[in-house]
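Residue-level structure breakdown
Chain residues, written in single-letter form:
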Amino acid sequence: MASLSATSLSFKAPSIQSTRISQVLRKPSSFQSISFGRFQSSKSLRLQISCAAKPETVQKVSDIVKEQLALSADTPLTAESKFSALGADSLDTVEIVMALEEKFNISVEETDAQNITTIQEAADLIEDLVQKKPAA
């Protein structure tokens, strides 16, 4: 049994006892059950792992967040830092998204912007949008 705490995703792999998650992920596997809080499904599911944004992107997002929220340069930020925990309200979040759009020359849809709550989520979205952007 393994769990992914970031999204409260837990899964049970058939015939895998006490095995490290890295060993499980080396082989394609189907999982027999998955649970999200109180919702459980017993359908066969496949787990897809995606890589996090590049450290450089996370750092650029951190710098923009510090600037937009007028945080001191020595304020420690991590990829998991939540905008709300840093004192951002909804207007601050909109301003952060606008600054990210300008810095990375991207356009963030309103629905995507509303789902950004951490530095990591912003960095992941930026890399996704930059990758999908047509070459000029």
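If you're wondering where the values come from, they're calculated on a predicted model, not measured in any experiment. (Residues numbered from 1 in each chain as written. Predicted model: local features only at pLDDT ≥ 70, side-chain atom pairs only at ≥ 80, totals over all residues. Heavy atoms only, no water.)

Observations regarding the side chain of Ser-81
Residue placement: Ser-81 occurs in the loop between α2 (55–68) and α3 (90–104). Among the polar contacts made by the side chain of Ser-81, one reaches the main-chain amide nitrogen of Thr-78 at a distance of 2.8 Å. For Ser-81, the contacting residues outside a window of four places in its chain are Leu-86, Thr-117, Thr-118 and Ile-119. (Helix = DSSP H or I, 4+ residues; strand = E, 2+ residues; numbered from the N terminus. Polar contact = N/O pair within 3.5 Å; in protein donor to acceptor, adjacent residues only side chain to side chain. Contact = heavy atoms within 4.5 Å.)

Focus on unusual backbone geometry
The backbone of Ala-70 shows a phi angle near 55°, a positive value even though the residue is not glycine. Within the secondary structure, Ala-70 sits in the loop between α2 and α3. For Ala-70, a relative accessible area of 68% corresponds to the exposed category. For Asn-105, which is not glycine, the phi dihedral falls at a positive 55°. Its place among the elements puts Asn-105 in the loop between α3 and α4 (110–114). (Buried < 20%, exposed > 50% of the residue type's maximum accessible area, 1.4 Å probe, protein only.)

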